[in-house]
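# Understanding the architecture of this molecule
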Amino acid sequence: MIDDFEALKVISEHRDQAVVVATMTANFIWPQVSTNPGLDLMFSGAMGKASSIGLGLALARPDKQVIVLDGEGSLLMNLGTLVTIAEMSPRNLVHFVLDNNVYRTSGGQPVPNVGKTSYTGLAEAASYANVYSFDDLLSFKNDIERVLKQAGPTFITLKTIPAKERPPYPLTLTSSIISRFRAALQSA
Amino acid sequence: MDIKTSTADKIVRELRKCGVTHVVGLPDGESNSVYEAAMTQDGLTVVPICREGEAVAIAAGLLLGGKTPVVLHQNTGFFEAGDSIRGLALDLHLPLLMMIGYRGWRRDKPLTDSAAIFLEPMLDTWGIQHYLVESENDVQAVSRGFKEANETQKPVVILLGTGGG
């Protein structure tokens with residue numbers, strides 16, 4: 001199992017000029033580790049839809065890599081997104097899912113069918129171009145550069161440590177950063 | 001009953017005149033002719049979705065990335081997509097034109113389908129302006145709605161009604 005803070009630090013070190021859409025647990029943590037906050041879209045407001053807004057961004061800006069930091073509870077609210085993304089097949093989309101078995105932001109209640117559903121398996125069945133799963137930090141660190149260079153769409157499950165506490169950082173509302181994000185993206 | 005093909009073609013041409021680049025949607029019994037016309041229109045990309053709640057979020061990403069999308073699905077899907085419309089289109093002040101197939105719309109008879117009965121009161125409650133398009137004569141509502149969405153930075157709905165009930 002991987003510590004989610006450490007996992008996101010690794011992604012941040014390798015994101016370069018990519019756009020990042022971060023939701024749920026990642027929304028709390030990402031601002032603490034981001035190396036390029038102007039291109040971060042902290043996503044709130046419609047749970048489950050981070051990958052959908054990431055798809056729209058990827059289609060609009062094929063010149064930019066778009067990284068979505070999703071949660072498994074969030075993905076479960078919008079499973080059709082896997083098929084929709086596979087249909088459009090954007091080469092520049094990387095879809096991470098932090099799988100910690102619980103709804104962390106509401107206090108650690110288990111997600112449905114906890115521990116038995118393979119999200120990587122679902123993405124593979126939907127026909128994502130590449131799928132990966134990591135459950136230890138060292139392997140993830142060793143492979144992330146190669147993973148991010150693949151032509152997407154790419155799906156990565158990160159098996160992270162379950163936690164009952166909300167991360168000790170505030171949630172960032174999309175409405176509070178959207179103007180800054182739009183301006184940064186236009187000039188990027 | 002679906003919108004006539006000639007009306008659908010005119011709607012899609014109107015969308016192109018407005019600079020629309022993407023139609024994000026799901027075909028339904030009323031708007032399928034518009035969906036099909038969009039699929040063959042040069043310069044338009046159709047983004048097919050599995051469930052209506054995806055549409056506004058995908059459109060939001062396209063808008064933020066500098067494209068000009070519209071959403072297309074049925075009124076049943078409007079109810080399904082409520083959280084995306086609330087949390088994204090309304091809260092983020094997105095200038096988004098949504099074309100909604102008006103299942104159950106009947107011009108000259110009382111409405112009996114709850115998908116139609118609750119639709120306009122719901123749009124009014126949410127403060128979303130809406131215009132009805134039933135025939136070729138109404139198609140300019142598309143441009144009007146598009147302009148209004150951009151002026152007000154809010155979603156505007158075009159209701160695609162056939163009146164056949």
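Residues numbered from 1 in each chain as written. Chains lettered and ligands numbered in written order. Predicted model: local features only at pLDDT ≥ 70, side-chain atom pairs only at ≥ 80, totals over all residues. Heavy atoms only, no water.

A count of helical and extended segments in chain B gives eight helices and six strands. Taken from the N to the C terminus, the helices and strands of chain B come in the order α-β-α-β-α-β-α-α-β-α-α-β-α-β. Relative to the globule expectation of 15 Å for 165 residues, the C-alpha radius of gyration of chain B, 14 Å, shows essentially globular dimensions. Judged by the C-alpha coordinates and their principal axes, chain B covers about 45 × 35 × 30 Å. (Helix = DSSP H or I, 4+ residues; strand = E, 2+ residues; numbered from the N terminus. Rg over C-alpha atoms; globule rule 2.2 N^0.38 Å.)

For side chains bearing opposite charge, pairing can occur when the charged atoms are close. One pass over the full model with this rule turns up 15 salt bridges over all chains. Salt-bridge contacts for Asp99 of chain A lead to Lys159 of chain A; the nearest nitrogen and oxygen are separated by 2.9 Å. You can see Asp99 of chain A sitting in strand S4 (residues 93–99) and its partner Lys159 of chain A sitting in strand S8 (residues 154–159), a full 60 residues away along the chain. You can call Asp99 of chain A buried: its relative accessible area is 3%. Between Glu80 of chain B and Arg51 of chain B there is a salt bridge; the shortest N-O distance is 3.3 Å. With Glu80 of chain B in helix H4 (residues 75–80) and Arg51 of chain B in the loop between strand S2 (45–48) and helix H3 (53–64), this residue pair connects regions lying 29 residues apart in the sequence. Assessed through its relative accessible area of 37%, Glu80 of chain B is described here as partly exposed. Among the ionic contacts, a cluster of salt bridges with common partners joins Arg51, Glu52 and Glu80 of chain B. (Salt bridge = Lys/Arg side-chain N within 4 Å of Asp/Glu carboxyl O. Buried < 20%, exposed > 50% of the residue type's maximum accessible area, 1.4 Å probe, protein only.)

With that out of the way, let us pick up unusual backbone geometry. All names here are of chain A. With an omega of 5 degrees, the peptide bond running from Gly152 to Pro153 counts as cis. You can see Pro153 is positioned in the loop between helix H7 (137–149) and S8. Phi angles above zero are rare outside glycine, and Ser89 is one such case at about 50 degrees. Note that Ser89 resides in the loop between helix H5 (80–88) and S4. Non-glycine residue Asn113 carries a positive phi angle of around 55 degrees.

Bringing a nonpolar patch on the surface into the picture now. Residues and elements named next belong to chain B. Taken together, the side chains of Phe79, Ile117 and Phe118 define a hydrophobic patch exposed on the protein surface, amounting to about 260 Å² of accessible area. With respect to the helices and strands, Ile117 occurs in helix H6 (residues 114–117). Taking the relative accessible area as the measure of exposure, Ile117 reaches 35% and is therefore partly exposed. (Patch = residues over 30% accessible without salt bridge, like charges linked within 9 Å, V, L, I, M, F, W, Y side chains within 5 Å. Areas by Shrake-Rupley, 256 points an atom, 1.4 Å probe, with all protein chains shown as cover.)

The next thing to look at is the interface of chain B and chain A. Listed per partner, the contact involves 24 residues of chain B and 28 residues of chain A. Among the residues of chain B in contact with chain A, Glu54, Leu64 and Leu92 of chain B are the three that bury the most area, contributing 31% of the side total. Taken together, the connections running from chain B to chain A amount to zero salt bridges. Remark: the boundary between chain B and chain A carries three residue pairs in polar contact (both at pLDDT 80 or more). Contributing elements (two or more residues each) for the side of chain B that touches chain A: S2, H3 and helix H5 (82–90) of chain B. Here the side of chain B that touches chain A gets nine residues from one element, more than from any other, and that element is H3 of chain B. (Contact = heavy atoms within 4.5 Å. Buried area = accessible area lost by both parts, 1.4 Å probe. Polar contact = N/O pair within 3.5 Å; in protein donor to acceptor, adjacent residues only side chain to side chain.)

Fair warning: the whole summary comes from geometry, so function is off the table for now.
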